[in-house]
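Each chain is listed here by its residues.
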Amino acid sequence: MNREDDVRHLLFAAAVFGVLAIAAFGAQTQNAPAQTPQPPRPAPSADPYAGNAAPGTTQFPLAAPAGKDSGARMTAPAGALWKYGGAFDPPRGSKIWNPVKLKMMQGGKVTGGTLFSATDPATYCAMANAGYDFIWTEMQHNDRDWGAVARMWRTCPNAKAVPGVRVAYTDEREIQHALDAGALVIVVPTVDSKAEAIEARNWTYFPPLGRRSNGGGQAFDAGMWGGVPGGYRNTINDNVVLIEMIETLEGLKDVDEIAKVPGVTAVFAASGDLGNFSGYRQGTPDYERAINIVHDAALKAGKRLCGPFAWRDRPDFTCFQAGSETAAIARGVAAELGPLANTQPKPEVGPFAVPPKTP
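Scanning the protein chain for helices and strands turns up twelve helices and eight strands. Counting every position in the protein chain, which comprises 359 residues, the buried fraction comes to 35%. As presented, the protein chain carries roughly 21,800 Å² of accessible surface, and 58% of it is formed by carbon and sulfur atoms.

Helix length check: helix α12 (residues 325-337) (13 residues) gives 18 Å between terminal C-alpha atoms against 18 Å at 1.5 Å per residue, within 8%. Just past α12, the residue G338 takes up positive phi, approximately 55°.

Core analysis: the biggest nonpolar cluster contains 79 residues, and Y124, W153, V165, I243 and V294 have the highest contact counts within it. Those residues in contact with V294 that sit more than four places away from it in its chain are I246, L252, V255, V267, A269, L274 and L305.

This part covers the environment of V162. Its location among the elements puts V162 in strand β3 (residues 162-166). Look at V162 and you get buried, because its relative accessible area is 6%. Linking V162 and N98, residues 64 residues apart in sequence, is a C-alpha distance of 7.9 Å. Every residue in contact with V162, bar those within four places of it in the chain, is listed here: N98, P99, V100, Y124, D133, F134, I135, L184 and V185.

Below, the discussion takes up the pattern of salt bridges. The tally for this structure, following the rule as stated, stands at six salt bridges. Salt-bridge contacts for R212 lead to D180; the nearest nitrogen and oxygen are separated by 2.9 Å. One end of the pair, R212, is in the loop between α6 (194-204) and α7 (232-239); the other, D180, is in helix α5 (residues 172-181), and 32 residues separate them in sequence. Each member of the pair, R212 as well as D180, is classed as buried.

Tallied over the full model, the rule gives five aromatic pairs. Centroid distance W136 to F268: 5.6 Å. Interplanar angle 65°. Geometry classified as edge-to-face. Residue W136 is located in strand β2 (residues 134-138), and its partner F268 is located in strand β6 (residues 266-269); the two are separated by 132 residues in the primary sequence. In this structure W136 comes out as buried when scored by relative accessible area, which is 1%. Judged by its relative accessible area of 3%, F268 is buried.

Another aspect to go through is the packing of helix α3 (residues 121-128) against helix α4 (residues 146-155). Put simply, α3 and α4 touch, their axes get as near as 9 Å, and they point 50° apart. Here α3 is positioned oblique relative to α4, judged by the angle of their axes. Note on packing geometry: the crossing formed by α3 with α4 is right-handed. Contact with α3, carried on its side by P121, Y124 and C125, involves R151, M152, W153 and T155 of α4 and no other residues of that element. Taken together, the residues of the contact of α3 with α4 break down into five nonpolar, one polar and one charged.

Look at any regular strand and the pattern is simple: side chains alternate between the two faces of the sheet. Counting buried residues along strand β7 (residues 304-308), four of its five residues qualify, which places the element largely inside the surrounding structure. Note that β6 and β7 share three bridges and pair parallel. Among the inter-strand pairings, A266 is bridged to a residue of β7, identified as R304. For β7 and strand β8 (residues 319-324), the ladder comprises three bridges, and the chain directions are parallel. Bridged to C306 within β8 is C319.

On to unusual backbone geometry. Geometrically, the link from P207 to P208 is a cis peptide bond, its omega value of 10° lying close to zero. With respect to the helices and strands, P208 occurs in the loop between α6 and α7. For N342, which is not glycine, the phi dihedral falls at a positive 55°. Here N342 is to be found in the segment after α12.

Further remarks concern the sheet that holds β6. Pairing in this closed barrel of eight strands is parallel, and the strands run β1-β2-β3-β4-β5-β6-β7-β8 around the ring. Each strand of the sheet is rotated relative to its neighbour by a mean of 25°, with strand direction disregarded. Examined bridge by bridge, strand β1 (residues 110-115) and β2 share four bridges and lie parallel to one another. Among the inter-strand pairings, L115 is bridged to a residue of β2, identified as T137. α3 contacts β1, β2, β3 and β8 of the sheet and is inclined by roughly 160° relative to β1. Sheet contacts for α12: β1 and β8; angle to β8, the most-contacted strand, approximately 75°.

Right, let's get into the state of the cysteines. Counting across every chain of the model gives two disulfides. What pairs with C125 in a disulfide is C156, and their sulfur atoms sit 2.2 Å apart. Between C125 and C156, the S-S dihedral sits near -105°, and the bridge is therefore left-handed. With C125 in helix α3 and C156 in the loop between α4 and β3, this residue pair connects regions lying 31 residues apart in the sequence. Overall, the relative accessible area of 13% leaves C125 in the buried class. The residue that forms a disulfide with C306 is C319, at a sulfur-sulfur distance of 2.3 Å. An S-S torsion of about 90° defines the bridge between C306 and C319 as right-handed. With C306 in strand β7 and C319 in strand β8, this residue pair connects regions lying 13 residues apart in the sequence. Comparing C306 with C319 shows no difference in burial state: the two are buried. For the protein chain, numbering the cysteines in disulfides from first to last along the sequence yields the connectivity 1-2, 3-4.

Criteria and thresholds
- Residues numbered from 1 in each chain as written.
- Predicted model: local features only at pLDDT ≥ 70, side-chain atom pairs only at ≥ 80, totals over all residues.
- Heavy atoms only, no water.
- Helix = DSSP H or I, 4+ residues; strand = E, 2+ residues; numbered from the N terminus.
- Buried < 20%, exposed > 50% of the residue type's maximum accessible area, 1.4 Å probe, protein only.
- Areas by Shrake-Rupley, 256 points an atom, 1.4 Å probe, with all protein chains shown as cover.
- Expected span 1.5 Å × (residues − 1).
- Core = buried A, V, L, I, M, F, W, Y, C linked by side-chain atoms within 4.5 Å.
- Contact = heavy atoms within 4.5 Å.
- Salt bridge = Lys/Arg side-chain N within 4 Å of Asp/Glu carboxyl O.
- Phe/Tyr/Trp six-rings, centres within 6.5 Å; stacked < 30°, edge-to-face > 60°.
- Axes fitted to C-alpha atoms, helices over the stretch in contact; angles between N-to-C directions.
- Parallel < 35°, antiparallel > 145°, perpendicular 65-115°, else oblique.
- Left-handed = near helix turned anticlockwise from the far one by under 90°.
- Nonpolar A, V, L, I, M, F, W, Y, C, P; charged D, E, K, R; others polar.
- Pairing = 2+ DSSP bridges.
- Disulfide = S-S within 2.5 Å.

Okay, structure coming up:
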């Protein structure tokens with residue numbers, strides 16, 4: 001047998017083997033039971049019953065026995081600590097990621113531009129990129145809702161100025177709406193007592209310092225603060241800024257205790273309402289004494305001292321509320337036009353004419 005015959009025999013054998021293998025595979029496929037389509041695997045969840053194919057079979061090894069007192073109050077299970085746990089502690093070596101908090105810690109002067117009435121995200125974003133450190137979104141003296149505020153904040157979360165807000169009062173609903181929407185600076189008005197200062201603190205901070213509940217919101221989204229180093233839940237207590245305003249005589253009397261409350265970042269000497277509530281005008285001895293009392297309380301407590309932007313050169317003031325968006329537009333146009341501003345002539349007739357003098 002020559003070499004060509006050997007090759008032909010090998011090829012024939014391989015072909016026969018291939019046919020037999022295909023036939024065997026086909027027979028196995030026909031005899032095999034039909035495969036049931038598998039449902040898509042559910043997303044991970046903390047709920048033990050979520051996507052459970054066999055409800056009622058989940059085991060709870062540390063649960064109390066059915067119908068019996070477990071004695072848990074007096075006897076802790078093995079491994080229990082019976083103190084606040086460390087699941088939400090910031091990771092070791094965590095750094096401050098809120099630039100306003102960082103600037104305050106460094107002693108720098110912080111400015112907040114006031115967004116008083118706008119609801120348009122484009123206006124908010126223009127203010128937030130104009131050079132301020134944070135935007136003081138006004139919710140005490142404005143009638144917009146939290147939905148409008150949330151839309152503005154999420155439009156440009158990484159603008160130069162971080163989102164901040166003056167809420168209406170020391171209230172769980174107000175403060176948690178603001179924080180869940182993404183606020184990093186909370187300003188609380190008319191704080192009259194240490195008890196109110198603690199209440200505002202409690203709704204601003206997660207446990208163990210405060211009582212903020214973990215309700216979610218866009219602040220947790222990756223598009224806002226969900227991707228910050230260390231995680232939002234674990235680091236926000238170290239990054240949020242809480243400013244409490246002293247505006248009344250009651251607040252003035254208790255300002256030393258208000259300033260000492262842990263978690264209060266700064267106290268604000270309210271230039272307008274301290275005059276409103278005291279009956280003294282700015283510059284008079286009684287008015288200036290009131291401002292100095294707030295000043296002294298901040299220094300003794302080691303807290304930042306805030307006031308209007310006009311006081312940016314006043315000793316020890318390092319935190320300021322600047323003007324509104326409408327005032328900023330007017331100032332910007334005046335600066336841009338310079339000597340060309342307001343140079344149009346007055347017609348003799350029509351709606352733009354100079355009104356005639358009354359005899």
